[in-house]
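# A look at the structure
Below are the chains, spelled out letter by letter.
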Amino acid sequence: MASRMNAPARTDAPAVEVRELVKRYGKVEALRGVDLTVQRGEMFALLGPNGAGKTTLFSILATLRAPTEGAARVLGHDVVADRDTVRRAMGIVFQEPAIEQRLTGRDNLLLMGLFYGLPTQAARERAKVLLEDLELTAAADRPAKNLSGGQRRKLELARALVTDPQILFLDEATVGLDVDARRGFWAQVRGLAAKGRTVFFTTHYMEEAEVADRIALIDHGRIVALDTPQALKTRVGGGVIRLQTEDNARAREWLTEHGLTPEAGGEEIMLVHADPAAVLPELLRTLPVKVQRVEVHEPSLEDVFLKLTGRGLGGEMAAPAGRPGGRNGGAA
Amino acid sequence: MIRGIYAVVVLDLKRFWLDRARLLAGLAQPLLYLFVLGAGIGANSQLGGVDYKRYIFPGVLGLSLLFTATFAAITIVFDRQIGFFKAVLIAPVPRAAIALGKIVAGALQALVQGVVVLPFAPLAGVHLGVGETFALLGAMLLASLTFSAIGLAFAARFSSTTVFPIVSNAVILPMFFLSGALYPLVTAPHWMQLAAHLDPVAYAVDLMRWALHGKFFFKPVLSLAAQAAVIAGLAWESVRVFNRGEDDSSLGATKFNWRR
C-alpha cells in the first residue's frame, strides 16, 4: 500500500477548479452548471440556503459523490479519475463527528495515521505534534466523549490534518458550538490558512463567512454571486432600511406605488437605498401605516443574500450567536 | 493493504480492550454449559469412556469462540453508523483491507475469550500438558478465524444490529448443535452426521477435540482443509460485498450502504 502522504500535486493548478458541473438525483437537478475557481491559499466560503446545492457541490469536491456531468479538479486532480490522489491531499471536517468517541484523542489521531499508511512510530509522532499545535495535549488522553464541544471539534480538525493536507474542507464545522469555541476554532483555521493551505468551507454563521477571502453564493444549483465579502456588501448599495409596521403588505404596496423597491420576502420590510438618511424622515411622515420599528444599517452579508435569493440562509443564520444548532434538515 | 489490515486490527483491539470486562461476562456461557449442563448430564452418563464434562470441553471452547467471533463481526454494522468510519472510508484504504482486518480482529478477540476458559480445564477433568496446549491453541486459532469469517459474511449484509439475535438463533445455534460439540457424532443419527459434514463448526470442534483427546470424527487433515476453505471462501465473499459499495455514487461516506 502506498505510504506517500502528500500527493504529487501540480503546484501550478488552482486549488479548486469546477467546470459546468451538473448533478442530478433522478429527475432533481441539484447542480445546474457550476463554474468556480479557487486559488491556492485562499479561504473560500460556500454559502446558500438549504437545498440550494451547497452540500452537493461540497460533497463532489470532497470526493464523496460523483458528478453527473462536467468536471471538478482539486489541486489539479480530477475528483473522479484521481480520487485517491485527491483524498491523500485533502483533509475534511464533517458536520457530524468522525472520531471514535470511546477512544482517546491521541488514539484517534494515531489510528487515522495508520489508516493513511503511516508506520506506527510516525503516526504516534504526528499525533503528538497535532495535539500540541491545536493545544489539545492536556485533553489528549481522555476518551473523546469526555471532551468539551470545542475540544472535540479541534480534535476533528486535528484528524483532518493528520496527512498534512494542502486543502481543507470544512462542512459547517462549528454547528452547535458556543461563540468562544467557534472563535477558537476559526483562529486555528486562520492559522492554517496563513501557512498557505487552502480552506474551503460552508457555514451557517454569517460572522464566520466574513473571514473568507471570497464567498460564493449558491442558489437553485447555480452560483449567483462570487466576490469578496466587502464587494458583495457594496452590491446592496448605500444602506438598508428595515421596517416593521402594523400592516406590512399594505406598506409594501404603498412603497412600490411611490417608486421605492422593497425586497420580496422576509418578515420585515427591507428597503435598500443609496441614501437612507435623506429619504427616511419623509417616508416615516407620509407612510399611511403605523410604523412599529425602524432600523437603518450598513448592508450585512445577510442582506446580500436576502436581496440575491429572496430568502435567508435558512433558520440558523438569523439565530442569536451561540445558540446550539438545531439544524434545518434536508440540505441537498 | 497490510497497513490497512493492521489499522483495522489495532482499532478493534483498542475498542475490545475498553470492553475487557466483557471477557468475564463471556465466561458465564461456557461455564454454564460445562458445570451445570455438563455436570447434570454427566452425573449418569459417560461418552466414549470419558467423563461427560471432559468430553464436551472442546465443544464448549468452540461455543465460546463462535459467539465471541460472531459478536465481534457485528461491530461492522455499528461502524457503518458511527462517524469514525466516514473518515476511514475517505482514507486511501482498500475495502478488502477493512474486510480482512475485521476477520483477523474478530478472530483475535475470540481467541482471547477462549484462552480465558482454559484455566477451568482441570475442573472439567481435562489435563493440559505442554504439547496438548500448543496443539489446542493452534486448533483454536484456526477455529477463531473460521468463525470470524462466518460472522463477517453475515454481518456484512446487515444494515441493522437488531437482525443479529435472529440470525444467531436461526443459523449460529443450529451450527453449534449439529457440530457434535455436546455429543459424539459417531453415534448420532445418520442425517445428523451428514449435516455435520456441511457444518464448519463441526470440523473446528472436531479438530480441537483431536488436539485435546486424540479422538476424531473427521480426519484432522480434512478438518484443516475444510476450515481453510471456509476462511478463504467467506473472506473472498466479504471482500466482494465490501467492494460493491465502492462504485456507489455516494462513495460510501455520506450515504453509507455497503450492500448496494
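### Structural notes on the overall build of chain B
- The helix and strand tally for chain B stands at 11 helices and 2 strands.
- Each helix and strand of chain B, ordered N terminal to C terminal, gives the series α-α-β-β-α-α-α-α-α-α-α-α-α.
- Expected size for 260 residues packed as a compact globule is a radius of gyration near 18 Å; at 19 Å, chain B falls within 12% of this value.
- For chain B, the spread of C-alpha atoms along the three principal axes comes to 60 × 40 × 35 Å.
- Taking the contacts inside chain B whose residues are at least 6 apart along the sequence as the reference set, 79% of them involve residues at least 24 apart.

### Examining the packing of helix 8 (residues 229–236) of chain A against helix 11 (residues 301–309) of chain A
Residue and element names in this part refer to chain A.
- Following both chains from N to C, one finds helix 8 and helix 11 inclined at 55 degrees, their axes separated by 9 Å at the closest point. What the angle tells us is that helix 8 and helix 11 run oblique. Where helix 8 crosses over helix 11, the two elements pack in a sense that is left-handed. In contact with Pro229, Leu232, Lys233, Arg235 and Val236 of helix 8, helix 11 contributes Leu301, Asp303, Val304 and Lys307.
- Classifying every residue of the contact of helix 8 with helix 11 gives 5 nonpolar, no polar and 4 charged.

### Observations regarding the sheet that holds strand 9 (residues 214–219) of chain A
Residue and element names in this part refer to chain A.
- Taken together, 6 strands build an open sheet; the order of strands is 6-7-8-3-9-10 and the sheet is mixed. At either end of the open sheet lies a strand with only one pairing partner, and these are strand 6 (90–93) and strand 10 (222–227). This sheet shows a mean twist of 15 degrees between the axes of neighbouring strands, independent of strand direction.
- Alignment of strand 9 against strand 10, held across 5 bridges, turns out to be antiparallel. Opposite Ile218, over in strand 10, you have Ile223 as the bridge partner.

### What about the packing of helix 3 (residues 52–73) of chain B against helix 6 (residues 95–117) of chain B?
Residues and elements named next belong to chain B.
- Packing of helix 3 against helix 6 brings their axes to within 8 Å, and their N-to-C directions diverge by 145 degrees. Judged by the twist between their axes, the crossing of helix 3 over helix 6 is right-handed. Residues Leu61, Ser64, Leu65, Thr68, Ala69, Ala72 and Ala73 of helix 3 touch helix 6, and the partners they reach there are Lys102, Ala105, Gly106, Ala107, Gln109, Ala110, Gln113, Gly114 and Val117.
- A breakdown of the residues in the contact of helix 3 with helix 6 according to their chemical character gives 9 nonpolar, 6 polar and 1 charged.

### Brief notes about unusual backbone geometry
All names here are of chain A.
- At Thr63, a position not held by glycine, the phi torsion is positive, near 65 degrees.
- Positionally, Thr63 belongs in the loop between helix 1 (54–61) and strand 4 (69–74).
- Its 25 C-beta neighbours within 10 Å are what place Thr63 among the buried residues.
- With phi around 55 degrees, Glu135 is a residue other than glycine that occupies positive phi space.
- Considering the arrangement of structural elements, one finds Glu135 in the loop between helix 4 (120–133) and helix 5 (149–160).
- For Glu135, a count of 12 C-beta atoms within 10 Å puts it in the exposed group.

### Some details on helix 10 (residues 200–213) of chain B
Residue and element names in this part refer to chain B.
- Spanning 14 residues, helix 10 covers 20 Å between terminal C-alpha atoms, matching the ideal 20 Å at 1.5 Å per step.
- Across the 14 residues of helix 10, 13 count as buried, placing the element largely inside the fold.
- Once helix 10 finishes, Gly214 follows within two positions and takes phi at roughly 75 degrees, a positive value.

### Observations regarding the interface of chain B and chain A
- At the interface, 25 residues of chain B touch 27 residues of chain A.
- Taken together, the elements giving at least two residues each to the side of chain B that touches chain A come down to helix 1 (2–18) and helix 5 (84–89) of chain B.
- With 10 residues, helix 1 of chain B is the largest single contributor of residues to the side of chain B that touches chain A.
- Residue composition of the side of chain B that touches chain A, by class: 16 nonpolar, 5 polar and 4 charged.

### Side note on the nonpolar core
- In this structure, Leu61, Phe169, Val199 and Phe200 of chain A together with Ala149 and Met208 of chain B are the most contacted members of the largest nonpolar core, which totals 180 residues.
- Looking at this core, the element that brings in the most residues is helix 3 of chain B, giving 14 residues.
- Built from parts of two domains, this core gets at least three residues from each of domain 1 (16–230) and domain 2 (236–318) of chain A.
- With near-sequence residues (within four places) excluded, Met208 of chain B lies in contact with Pro58, Leu61, Gly62, Leu136, Ala139, Met140 and Ala143 of chain B.

### Re the pairing of strand 13 (residues 291–297) of chain A
Residue and element names in this part refer to chain A.
- The buried count for strand 13 comes to 0 of 7 residues, which makes it a mostly uncovered element.
- Relative to strand 13, strand 11 (residues 239–245) runs antiparallel, the two sharing 6 bridges. Each bridged residue has a counterpart across the sheet, and for Leu243 the counterpart in strand 13 is Val294.

### A short note on the environment of Ile5 of chain B
Residue and element names in this part refer to chain B.
- Considering the arrangement of structural elements, one finds Ile5 in helix 1.
- On the basis of neighbour counts, which here come to 22 C-beta atoms within 10 Å, the residue Ile5 falls in the buried class.
- Between the C-alpha atoms of Ile5 and Gly101, which are 96 residues apart in sequence, the distance is 4.2 Å.
- Every residue in contact with Ile5, bar those within four places of it in the chain, is listed here: Ala97, Leu100, Gly101 and Val104.

### Some details on the sheet that holds strand 11 of chain A
Residues and elements named next belong to chain A.
- Taken in spatial order, the 3 strands make up an open sheet running 12-11-13, and their pairing is antiparallel. Two strands bound the open sheet, and with one partner strand each, they are strand 12 (269–273) and strand 13. Here the average twist between neighbouring strands, direction ignored, is 20 degrees.
- Helix 10 (residues 276–286) contacts strand 11, strand 12 and strand 13 of the sheet and is inclined by roughly 175 degrees relative to strand 13.

### Things to note about the confidence of the model for chain A
- When pLDDT is averaged along chain A, the result is 84; 90% of the residues meet or exceed 70.
- Taken as a whole, residues 1–7 of chain A scores under 50 in pLDDT and shows 18 contacts with residues more than four places along the chain or in a different chain.

What counts, and at which threshold
All residue numbers here refer to positions counted from 1 along the written sequence of the relevant chain. Each chain takes a letter, starting from A, and each ligand takes a number, starting from 1, following the order in which they are written. Thresholds applied to this predicted model are a pLDDT of at least 70 for local features of residues and 80 or more for the giving and counting of side-chain atom pairs; totals over whole chains, interfaces and linings are not thresholded and use all residues. Going along the chain from the N terminus, every DSSP run of H or I of four or more residues is numbered as a helix, and every run of E of two or more is numbered as a strand. This radius of gyration counts C-alpha atoms alone. The globule rule is 2.2 Å times how many residues there are, raised to the power 0.38. Contact between residues is assigned whenever the C-beta positions, reconstructed from backbone atoms, fall within 7 Å. For helices, the axis comes from a line fit to the C-alpha atoms of the stretch in contact; other axes are also lines fit to C-alpha atoms, and the angle between any two N-to-C directions lies between 0 and 180 degrees. Oblique is the label for any angle not covered by the other classes, which are roughly parallel (under 35 degrees), roughly antiparallel (over 145) and roughly perpendicular (65 to 115). By convention the crossing between two helices is left-handed if the near helix lies anticlockwise of the far one by an angle smaller than a right angle, and right-handed if it lies clockwise. Throughout, the ten residues Ala, Val, Leu, Ile, Met, Phe, Trp, Tyr, Cys and Pro are labelled nonpolar, Asp, Glu, Lys and Arg are labelled charged, and all others, Gly among them, are labelled polar. If DSSP finds at least two bridges between two strands, the strands pair. Counting other C-beta atoms within 10 Å of its own, a residue is labelled buried from 20 upward, exposed at 12 or fewer, and partly exposed in the gap between, with every C-beta atom placed from the backbone. Expected helix span is given by 1.5 Å per residue-to-residue step, counting one fewer step than there are residues. What we call a nonpolar core is a set of buried Ala, Val, Leu, Ile, Met, Phe, Trp, Tyr and Cys residues whose membership is set by joining through C-beta atoms within 7 Å. These domain boundaries are the output of an automatic or database domain assignment. By definition, pLDDT measures how confident the predictor is in each residue, and it falls between 0 and 100.

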